[in-house]
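# Summary of structural features
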Amino acid sequence: MLNNDNAWRQAGVTTLPVMFGYLPLGAAFGILAIEVGIPAWGAVLMSLLIYAGAGQFLAVALLAGGAGLVEVAVATLMLNSRHLFYGLSLLRRFQGAGWRKPYLIFALTDETYSLLTTHTGDGGLDHAQAFRISLLNQLWWVLGSILGVLIGTTLAFDSRGIEFALTALFIVLTLEQARRLRQWLPFVIALATGFGAILLLPERHLLLGAIGAASLMLLADYRVRQAGGAS
Amino acid sequence: MNVLDLLGFIAVCAAATFATRVLPFVALARQAEHPLILHLGRYLPPAVMMILVLYALRDFRPLADGRLNIAPDGWPMIIASLVVVSLHLWQRNALLSIIGGTGAYMAMVQLGWTP
């Protein structure tokens, strides 16, 4: 049984790699938010209430592009649809977490999910430790955002081009997905629907159209496989 | 943008994000093993990531409308993307890849360099 100080210190060590990722990425978010005209309090509020890496960058892009609220909701749901599957694998894990459970679910980012599911040795983490890790991760993210807002508003540094961090993040995540999956299908579908949407759809419906079409094609693929398996 | 619009916008983003995280816990507990859920869980995320890359790079459209049509930062974008891919295939350190690529892009854009 860990005493409280020890437990926090251990959670701090566990979240160290996430800190190195969240501080600069959160800062990039803060700088970007200021650059597109979001007030400082708005940027920090987003990190407190939304708390999603790629989701918040997308939100900034949608805000800058003047997307409607329905579009924003659908695009956010689609982008974060992967979280559905995180939850599925943690259904049992979070059972009995009591008052901590709502926060554990709220704070379920890619990185927190990785930490909570990777540290499964010796019976896994208890709920209290999972809570500490989740809380520290969000703390790094919020601190990074505040840092970025400060940099962005003082203009101490020429931030032109920093928004590329978003593109870089998506590229890295795609490479990681490809490495894990080792199958062409979803990437071929994404290239087809993505290029199709870029060529055919107006800017504000682009993302929704591409992801919606990709979902339908995956559904069709599922049907085909079911039919094939049944015969 | 006025304060109320921004608050509404943040509320929608927060609600949509939380919805995706909480939905399985309230609705799908018994369907966790349904093959369609597993199928989408496996293939949708990589497809979404790939689409996001294309979306982020959409200003680079060398042949749009049948003519040369490249945004001023089109080439730096493509070159920086190649930097990210190379760094990541080499070191597989997400932070290094992101900082390296972003640094390269910022340098090219701020120095006004294009091929």
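Just so you know, the residues in each chain are numbered from 1, in the order the chain's sequence is written. To read the labels, note that chains go from A and ligands from 1, taken in the order they are written. Confidence filtering applies because this is a predicted model: local features only for residues at pLDDT of at least 70, side-chain atom pairs given and counted only at 80 or more, and all residues used for totals across whole chains, interfaces and linings. With hydrogens and water excluded, all non-hydrogen atoms of the structure serve as input to the side-chain values.

Further remarks concern the side chain of Ser97 of chain B. All names here are of chain B. Runs of E in the DSSP output that reach at least two residues are strands. Runs of H or I that reach at least four are helices, and both are numbered from the N terminus. By secondary structure assignment, the location of Ser97 is in helix H4 (residues 94–111). For Ser97, a relative accessible area of 0% puts it in the buried group. Side chain to side chain, Ser97 and His88 meet in a polar contact 2.9 Å long. For this analysis, a polar contact is any N or O atom pair within 3.5 Å, provided that within protein one partner can donate a hydrogen and the other can accept it, and provided that sequence-adjacent residues contribute only side-chain to side-chain pairs. Polar contacts involving the side chain of Ser97 include one to the main-chain carbonyl oxygen of Asn93, which spans 2.9 Å. Each residue's exposure class comes from its accessible area (1.4 Å probe, protein chains only) as a fraction of the maximum for that residue type: buried when under 20%, exposed when over 50%, partly exposed otherwise.

So, on to the interface of chain B and chain A. Contacts between residues were defined by any pair of non-hydrogen atoms, one from each residue, lying within 4.5 Å. In this assembly, 65 residues from chain B lie in contact with 86 residues from chain A. Defined in terms of a 1.4 Å probe, buried area is the accessible area two parts forfeit on being brought together, summed over both. Counting the surface lost from both chain B and chain A, the interface buries some 6,900 Å², and carbon and sulfur atoms represent 80% of this. Salt bridge criterion: a side-chain nitrogen from Lys or Arg within 4 Å of a carboxyl oxygen from Asp or Glu. Our enumeration of links across chain B and chain A arrives at one salt bridge. For Arg92 of chain B, the salt bridge goes to Glu176 of chain A, with nearest N and O atoms at 3.0 Å. Our count for the chain B to chain A interface comes out at 11 residue pairs in polar contact (both at pLDDT 80 or more). Within the residue set of the side of chain B that touches chain A, elements represented by two or more residues are helix H1 (3–26), helix H2 (35–56), helix H3 (74–91) and H4 of chain B. Broken down by element, the side of chain B that touches chain A gets its largest block of residues, 21 residues, from H2 of chain B. Residue composition of the side of chain B that touches chain A, by class: 48 nonpolar, 12 polar and five charged. Put simply, Ala, Val, Leu, Ile, Met, Phe, Trp, Tyr, Cys and Pro go in the nonpolar bin, Asp, Glu, Lys and Arg in the charged bin, and everything else, Gly too, in the polar bin.

Grouping into patches uses exposed residues only, defined as over 30% relative accessible area, and leaves out salt-bridged ones; the cut-off is 9 Å for like charges and 5 Å for nonpolar side chains (Val, Leu, Ile, Met, Phe, Trp, Tyr). Using a 1.4 Å probe, accessible areas were evaluated by the Shrake-Rupley method; residue-level cover was limited to the displayed protein chains. The grouping of Trp41 of chain A together with Val3, Leu4 and Leu7 of chain B at the surface amounts to a nonpolar patch, some 400 Å² of accessible area in total. No other element matches H1 of chain B, which puts three residues into the nonpolar patch. Take Trp41 of chain A: it is sitting in helix H3 (residues 40–49).

Residue and element names in this part refer to chain B. Per-residue confidence from the predictor is reported as pLDDT, a score between 0 and 100. Residues with a pLDDT of 70 or more make up 83% of chain B, whose mean pLDDT is 82. Put simply, H2 is where chain B has its lowest mean pLDDT, 80, and H3 is where it has its highest, 93. Model confidence for the complex is summarised by a pTM of 0.66, with the ipTM given as 0.80.

All names here are of chain A. Taking the numbering used here, the UniProt-annotated feature "transmembrane region" (unreviewed entry) corresponds to residues 20–45, 57–79, 139–172 and 184–201. Between the C-alpha atoms that bound residues 57–79 the distance is 11 Å, and the span itself is 83% helix and 0% strand. Taken end to end, residues 184–201 is 89% helix and 0% strand, and its first and last C-alpha atoms sit 25 Å apart. UniProt positions are given in the numbering used here, feature names are shortened, and annotations may be inferred rather than shown by experiment.

What follows covers the confidence of the model for chain A. Chain-level statistics for chain A give a pLDDT mean of 83 and a share of 89% at 70 or above. Of all secondary-structure elements in chain A, the lowest mean pLDDT belongs to helix H6 (residues 82–90) of chain A, at 71, while H3 of chain A reaches the highest, 95.

Glancing now at the pattern of salt bridges. Inspection of the entire model under this criterion finds three salt bridges over all chains. As a salt-bridge pair, Glu176 of chain A and Arg179 of chain A come within 3.5 Å of each other at their nearest N and O atoms. Within this pair, Glu176 of chain A and its partner Arg179 of chain A are both found in helix H10 (residues 164–181), separated by three residues, close to a single helical turn. Taking the relative accessible area as the measure of exposure, Glu176 of chain A reaches 15% and is therefore buried. Residues joined in a network through salt bridges with shared partners are Glu176 and Arg179 of chain A together with Arg92 of chain B.

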